[in-house]
Amino acid sequence: MLEIEIDGKKAQVPDGSTVMDAAQQVGVYIPHFCYHKKLSIAANCRMCLVQVEKAPKPLPACATPVTNGMKVFTHSELAVKAQKGVMEFLLINHPLDCPICDQGGECQLQDMSVGYGPMKSRYTEEKHVVFHKSVGPLISMEEMSRCIHCTRCVRFGQEIGGIMELGMANRNMHSEIMTFVGRSVDSELSGNMIDLCPVGALTSKPFRYTARSWELQRRKSISAQDSVGANLVVQVKHDNVMRVLPRENEAVNECWISDKERFSYQSLSSDERLTKPMVKQGGEWKEVDWNVALDYVAHGLKDVARENGGDSVAALAAQSSTVEELFLLGKVMKGLGSGNTDFRPRQSDFSSDFKRAGAPWLGMRLAEIKDLDGALVVGSFLRKDHPLIAQRLRQAAKKFTKVSLLDVAGDDQLINLHARITVAPAALATALAAVVKAAAEIKGAAVPAALANVVVCDASKKIAQSLVDGEKRAVFLGNAATQSADATQLHALALELGKLTGATVGFLGEGANTVGAHLSWALPSGANARQMFEQPRKAYVLMGIEPEFDCANPQLALGALKQASLVVYMSAFKHAPALEYADVMLPIAPFTETSGTFVNTEGRAQSFNGVAKARGDARPAWKILRVLGNVLNLDGFAYASSEEVRDEVLGGKAVEFVSGLSNELNGVSIVAPAVAANGLQRIADVPINFADPMARRAPALQQTADSVAPTARMNEQTLSQVGVADKGQVRVKQGLGEAVLAAKLDNSVPAGCVRVAAAHASTAMLGDMFGSISVERA
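Residues numbered from 1 in each chain as written. Predicted model: local features only at pLDDT ≥ 70, side-chain atom pairs only at ≥ 80, totals over all residues. Heavy atoms only, no water.

### Description of the sheet that holds strand β22 (residues 504–507)
With respect to topology, five strands assemble into an open sheet ordered β20-β19-β18-β21-β22, the strand pairing being parallel. A single partner strand is all that each edge strand has here, and the edge strands are β20 (417–422) and β22. Mean inter-strand twist for the sheet, computed between neighbouring axes without regard to direction, equals 15 degrees. Across the face of the sheet, helix α12 (residues 458–468) comes into contact with β18 (374–378), β19 (402–407), β20 and β21 (473–477) while running at roughly 135 degrees to β20. (Pairing = 2+ DSSP bridges. Helix = DSSP H or I, 4+ residues; strand = E, 2+ residues; numbered from the N terminus. Axes fitted to C-alpha atoms, helices over the stretch in contact; angles between N-to-C directions. Contact = heavy atoms within 4.5 Å.)

Shown next as structure tokens:
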């Protein structure tokens, strides 16, 4: 520890700290622009110049290391004169357009010019003008003359996003921030550059000119679109959500959010919002009052259960549903005598049900990822499925963490990888088995008998060694592993690898409330999400999902729904295909218009309140289910608030981390990996902006590079095998469904595989996300 005195205040700071760090510790404010605690030190704005005793000139506080006994003066005559001189230079070319600038009211330059700026400019020459640039639908660079060249945006791309999408060209007053050769900014974290920009150079294109900052009410919320449970500030004007920003929480999302969480709010004003209950009568949809709709639903469900038994009724919910909603949905189903409730529509292997020791979770705290010596991620489109966890792993890999991937597509994760194995989905279990065998051989332990014939490659040995070395290691199972037909075997192999190496085994989590859903009676005691469609039921309740986009086999789901005598569709949006198979549509409030609780992937319970009034006659889903329970004359539905429901499920008001978490399996043995069948295999990723109903209806997100229509992506060998050229038309078939798509050369796709994205209208009639597929020239 070193001693320092700042403006007469003494402090002790760790060796290696800067003057800026010390000033923040003692509560002394030093003006700055380019400095940010999450970014590297640039020291190029010079606004933080301070006087240091015995130094011949002012020094930048952000880049000056503390020495023992140092004395610093931040408001001395020399320091203030230097700071005012810097401010005068910064304002020389800055346009006087504060009244029309979107940054007005929250602009660092505007605030500091009051304290450090001159009353009148001495610069009378012509100002330098920078022409606007188009970098995509999310970020506006229309007024780059405002840029003060702090390079926060450039450093964010390099250091946090992992890709340098913006850079600085030219020199001195002619310097400009721009993209490379006119490219757009496409990172899934790019919106954070807007928050980092201290002036009005980078602003939100969807928010542009819609409101002034002082007109907005700032309300806290929790993201419904990320397993991390990112903390949000939702800004509201007249009950309309105008903007979503990150709320700093170092233990959860630090100070970042993904673009999907930032811009999905646009869907809340969509023309597709469902605002009134609707019932289909004589083949036509009619708006009705709530009492009529709920009476219709209650009688319909009761009649089906009485005539065909409770097993003829099934319910399927989204993983973005709250703890309260999932609990009450399961309670209604049990009251009808049905155990057919599930929240895992994209899962296909359920053989681990009733064998889990607890709710699957990350296995550690999110903040502990940075301390890992080795990490293996199995079956994940990491950047797009879990952008904030990918960001944490990216930072860890820069230091000492050996991050390895075992995946089904060779997408660039923008992480400095230690090792990587990319295989077809059917070979994922075999590849993980090879790592297990390699780890057993390194440790001198007995190789599981079922793995005796598994071939170990150099990459397997390298991954195994990285998990054997060090003190803290982890194996994470991603979405593709959970959705795989071999999900249980992958889980069992990961546990075996954990026992051999001492690594923690965890799940990255598919949705905002995956962990909470396991704790909320939403697991089936009867038919699971696959069985309820394979063995069609007479009545279905769908809450927050769109089966064409959200099910592992949309073809199977639609067939079952179309034959049902009653389909109750609960959603915040009208879904065109649902108008055909649904009988009742109940408008439920999205997360911004209701209260509830999400349990994130680390087991952290986070409750939130609605930030805006519900649109039209939409109501919180937990209230609808509570009233439905009363109409059905079921016991135990006398809840006055969502907090009462939460306390019943989680066992207390002040629960920060839930109990009942475990990734252990009971009674599951490792079996020899199956030999992959001949023929082409489908790899179905869920593009980040198609993953949920809100993102699918956000206009700005649907114009990004991540929202292009799906193609049939194959490597050179597979394209040749199919007999089609790059960009040629192909017909892909699964079961009774087919789609005509453009073929695309992509050598990151394993041989014998075709990558066709799910959750899109053009591929909604296909079958299993990971299954056999046929491809022919169209």
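### Considering the packing of helix α11 (residues 428–443) against helix α14 (residues 487–501)
To describe two helices that pack against each other, one gives the angle between their axes and the distance between the axes. α14 packs onto α11 with a crossing angle of 15 degrees between their chain directions and a minimal axis gap of 9 Å. The pairing of α11 with α14 is recorded here as roughly parallel in orientation. Note that α11 runs across α14; the crossing there is left-handed. Touching L428, A429, L432, A433, V435, V436, A439, A440 and K443 of α11 are L490, L493, A494, E496, L497, L500 and T501, all from α14. In terms of residue class, the contact of α11 with α14 is built from 13 nonpolar, one polar and two charged. (Parallel < 35°, antiparallel > 145°, perpendicular 65-115°, else oblique. Left-handed = near helix turned anticlockwise from the far one by under 90°. Nonpolar A, V, L, I, M, F, W, Y, C, P; charged D, E, K, R; others polar.)

### Notes on the side chain of S466
Of note, S466 is situated in helix α12. A relative accessible area of 2% places S466 in the buried class. Among the polar contacts made by the side chain of S466, one reaches the main-chain carbonyl oxygen of I463 at a distance of 2.6 Å. Not counting residues up to four positions away in its chain, the partners in contact with S466 are G374, K402, S404, H418 and R473. (Buried < 20%, exposed > 50% of the residue type's maximum accessible area, 1.4 Å probe, protein only. Polar contact = N/O pair within 3.5 Å; in protein donor to acceptor, adjacent residues only side chain to side chain.)

### So, the packing of aromatic side chains
All chains considered together, the criterion is met by four aromatic pairs. Between F533 and Y540 the ring centres are 5.6 Å apart and the planes differ by 25 degrees, which places this aromatic pair in the stacked class. Given a relative accessible area of 1%, Y540 falls into the buried group. Looking at R243, its charged tip hangs above the ring of F207, at a distance of 4.3 Å from the centre. Directly above the aromatic system of F637 lies the positively charged group of K331, at a separation of 5.3 Å from the ring centroid. (Phe/Tyr/Trp six-rings, centres within 6.5 Å; stacked < 30°, edge-to-face > 60°. Lys NZ or Arg CZ within 6 Å of the ring centre and 35° of its normal.)

### Overview of the UniProt feature "domain: 4Fe-4S His(Cys)3-ligated-type" (unreviewed entry) in the chain
The sites that carry the UniProt feature "domain: 4Fe-4S His(Cys)3-ligated-type" (unreviewed entry) are, in the present numbering, residues 78–117. In residues 78–117, the share of helix is 60% and the share of strand is 0%. The end C-alpha atoms are 16 Å apart. (UniProt positions renumbered as here; feature names shortened; annotations may be inferred.)

### Quick notes on the sheet that holds strand β6 (residues 133–134)
Taken in spatial order, the three strands make up an open sheet running β6-β7-β10, and their pairing is antiparallel. A single partner strand is all that each edge strand has here, and the edge strands are β6 and β10 (203–204).

### Description of the environment of L467
With respect to the helices, strands and loops of the structure, L467 is situated in helix α12. Judged by its relative accessible area of 0%, L467 falls in the buried class. If we skip the residues at most four places from it in the chain, L467 touches G374, A375, L376, R473, A474, V475, L497 and T501.

### Here's the deal with the pattern of salt bridges
Tallied over the full model, the rule gives 42 salt bridges. Between K38 and E250 there is a salt bridge, with its nearest N and O atoms 2.4 Å apart. Taken together, the residues K38 in the loop between α1 (19–26) and β3 (49–52) and E250 in the loop between β13 (240–246) and α6 (259–263) connect sequence positions 212 residues apart. When its relative accessible area of 21% is taken as the criterion, K38 is described as partly exposed. Across the pair K133 and E176 runs a salt bridge whose closest N-O atoms are separated by 3.1 Å. (Salt bridge = Lys/Arg side-chain N within 4 Å of Asp/Glu carboxyl O.)

### Remarks on the side chain of R682
Structurally, the position occupied by R682 is in strand β28 (residues 681–683). For R682, which is buried and forms no salt bridge, the nearest opposite charge comes from D685, at a distance of 7.4 Å. Within the local environment of R682, its side chain forms a polar contact with the backbone oxygen of D768, the two atoms lying 3.4 Å apart. (Lys, Arg positive; Asp, Glu negative; His and termini not counted.)

### Some remarks on the pairing of strand β24 (residues 566–571)
Most of β24 sits out of view: six of its six residues are buried. Here strand β23 (residues 539–543) pairs with β24 via five bridges, running parallel. The residue bridging Y540 from the neighbouring strand is V567, located in β24. Strand direction decides the pairing type here: β24 and strand β25 (residues 584–587), joined by four bridges, are parallel.

### A short note on the environment of R682
Exposure remark for R682: the relative accessible area of 2% places this residue in the buried category. Note: C-alpha distance between R682 and A700 (18 residues apart in sequence) is 29 Å. There is a polar contact of 3.5 Å between the side chain of R682 and the backbone oxygen of A757.

### Some details on empty space enclosed by the protein
If you walk through the whole model with that rule in mind, you get eleven cavities of 30 Å³ or more. Put simply, the largest cavity is a space of about 740 Å³. For the largest cavity, the lining is made up of 43 residues, of which A224, A318, S320, D692 and P693 are closest to its centre. Of all elements in the fold, only α9 (382–385), α13 (479–483) and α22 (693–696) reach the threshold of two or more residues within the lining of the largest cavity. Here the residues of the lining of the largest cavity sort into 20 nonpolar, 14 polar and nine charged. Volume-wise, the second largest cavity comes out at about 210 Å³. (1 Å grid on protein atoms, 1.4 Å probe; cavity = no way out; pocket = protein on both sides within 12 Å on 5 of 7 lines; lining within 4 Å. Points joined across faces, edges and corners; volume = space filled by probe spheres on them.)

### Here's the deal with the UniProt feature "domain: 4Fe-4S Mo/W bis-MGD-type" (unreviewed entry) in the chain
The positions UniProt marks with the feature "domain: 4Fe-4S Mo/W bis-MGD-type" (unreviewed entry) are residues 216–272. Helix makes up 9% of residues 216–272 and strand makes up 35%, while its end C-alpha atoms are separated by 25 Å.

### Notes on helix α10 (residues 387–399)
Here α10 spans 19 Å end to end across 13 residues, near enough to the 18 Å set by a 1.5 Å rise per residue. For α10, the buried fraction is high: ten of the 13 residues fall into the buried class. Those residues of α10 lying buried are P387, L388, I389, A390, Q391, R392, L393, R394, A396 and A397. Packing partners of the buried residues in α10 comprise α4 (152–161), α6, β18, α9 and β19. (Expected span 1.5 Å × (residues − 1).)

### Quick word on α12
If you check which residues of α12 are buried, you get S460, I463, A464, S466, L467 and V468. At the C-terminal side of α12, G470 shows a positive phi close to 80 degrees.

### Some points on the packing of α4 against α10
Across the interface, α4 lies against α10 with an axial gap of 9 Å and an inter-helix angle of 85 degrees. Between α4 and α10, the interaxial angle falls into the category roughly perpendicular. Judged by residue contacts, Q158, E159, I160 and G161 of α4 engage Q391, R394, Q395 and K398 from α10. Partitioning the contact of α4 with α10 into residue classes produces one nonpolar, four polar and three charged.

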